[in-house]
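In case you want the letters, here they are:
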Amino acid sequence: MRYFGRVFRPPSEAYSLILQATIGCSHNKCAFCSMYKEKTFTVRPVEQVLEDIDQARRTYPEIDRVFLADGDALILPMKSLLTILGHIKKVLPECERVGIYGSPRSITTKTQAELSQLQQAGLGIVYLGLESGNEAILRQMNKGETAVQIIEAGQKVRAAGLKLSVTVINGLGGTQRWEEHAVDTAHALSQMNPDYIGLLTLRVYRGTPLADMIERGEVIQPDPVQLMQETRLLLEQIDSEGSIFRSNHASNYLVLAGTLNRDRQAMIDKIDRALAGKERLRRYVELGF
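As the structure is a prediction and not an experimental result, all values here were calculated from the model.

Peer 1: Provide a residue-level description of the sheet that holds strand β10 (residues 256-259), including the pertinent values.
Peer 2: What holds strands together in a sheet is hydrogen bonding between their backbones, with the strands either parallel or antiparallel. Read across the open sheet, the 8 strands follow the order β1-β4-β5-β6-β7-β8-β9-β10; overall the sheet is mixed. Edge positions in the open sheet fall to β1 (17-20) and β10, since each of these has one partner strand only. Across the sheet, the mean angle from the axis of one strand to that of its neighbour is 20 degrees, orientation sign disregarded. Here strand β6 (residues 123-131) runs beside strand β7 (residues 163-170); their pairing, made up of 6 bridges, is parallel. Paired with glycine 129 across the strands is threonine 167, a residue of β7. Against the sheet, helix α9 (residues 224-237) touches β7, β8 (196-201), β9 (244-247) and β10, its axis set at about 140 degrees to β7.

Peer 1: Account for α9, with residues named and values stated.
Peer 2: Since the α-helix packs 3.6 residues into each turn, any two residues three or four apart lie on the same face. The terminal C-alpha atoms of α9 lie 20 Å apart, and with 14 residues this matches the ideal 20 Å at 1.5 Å per residue to within 8%. Of the residues making up α9, those classed as buried are Leu227, Met228, Glu230, Thr231, Leu233, Leu234 and Leu235. Contacts from the buried residues of α9 go to β7, α7 (178-192), β8, β9, β10 and α10 (264-275). Put simply, aspartate 223 is the residue that caps the front of α9, since its side-chain oxygen is 3.1 Å from the backbone nitrogen of valine 225.

Peer 1: Go over the pattern of salt bridges with me, naming the residues and quoting the values.
Peer 2: Considering all chains together, one arrives at 16 salt bridges under this definition. For lysine 143, the salt bridge identified is with glutamate 131, shortest N-O distance 3.0 Å. One end of the pair, lysine 143, is in the loop between α5 (135-140) and α6 (147-159); the other, glutamate 131, is in strand β6, and 12 residues separate them in sequence. Like glutamate 131, lysine 143 is buried. Overlapping salt bridges, with partners in common, bring together Arg2, Arg44, Glu51 and Asp52 in one network.

Definitions and limits used
- Residues numbered from 1 in each chain as written.
- Predicted model: local features only at pLDDT ≥ 70, side-chain atom pairs only at ≥ 80, totals over all residues.
- Heavy atoms only, no water.
- Pairing = 2+ DSSP bridges.
- Helix = DSSP H or I, 4+ residues; strand = E, 2+ residues; numbered from the N terminus.
- Axes fitted to C-alpha atoms, helices over the stretch in contact; angles between N-to-C directions.
- Contact = heavy atoms within 4.5 Å.
- Expected span 1.5 Å × (residues − 1).
- Buried < 20%, exposed > 50% of the residue type's maximum accessible area, 1.4 Å probe, protein only.
- Polar contact = N/O pair within 3.5 Å; in protein donor to acceptor, adjacent residues only side chain to side chain.
- Salt bridge = Lys/Arg side-chain N within 4 Å of Asp/Glu carboxyl O.

Here you go:
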């Protein structure tokens, strides 16, 4: 397998075969992100991707899942995506699911019929970064899309029969905008009603515009108690029946897991116990490990 630079994937794709269909991120301007800064966005020749699939077949006796990297492989033209998906189906017939990162822009470039065609060709799940449902925060973080556009993109994915996994960032509004961040994000998620919701915790990386904002005092990073209060408010406000909610990333201080709306109160109760000092927070996160 050929890989270029650091390779990232969603936590749920930990045991998937990672195929780099593109290199880097097509936007690569989010103020909080450092993932693809060393790369220039490039579309790999389809022939190379097909060769990697062939090599994977020779190397691994069984491949249950495939993830198409890097940051926004859904931006590829339909012909390229269908060729790659068709080769996966042919060479890796046991593959149960193919996943992909999709930006709102790349989703918008595909028609509803094209997304449905990708689903029929074997694409199973699209990972979409909402980050925040608050328009002011999205502008400040240079997300490049509005909350309305992201919501519409998520709804479009669901309508195509594809699974939708949406990530949000706890603490992204800082201490100044934590309430509107929680409420607006909850409302955005409710409108998308994704299959999966992944709640990450804000981590600040050197060299990013966000780090400069914090240095200037424009954003004040919340402490663990403030982060839990924000999560509690989000859970109170959200109405996304059937969404699997996870806050178990390495960045999270408190592990939460449940299915909305059924397990909402149980997760809120766990937050309350943590706020009362009756639930231990993940110490290795506090130490920055």
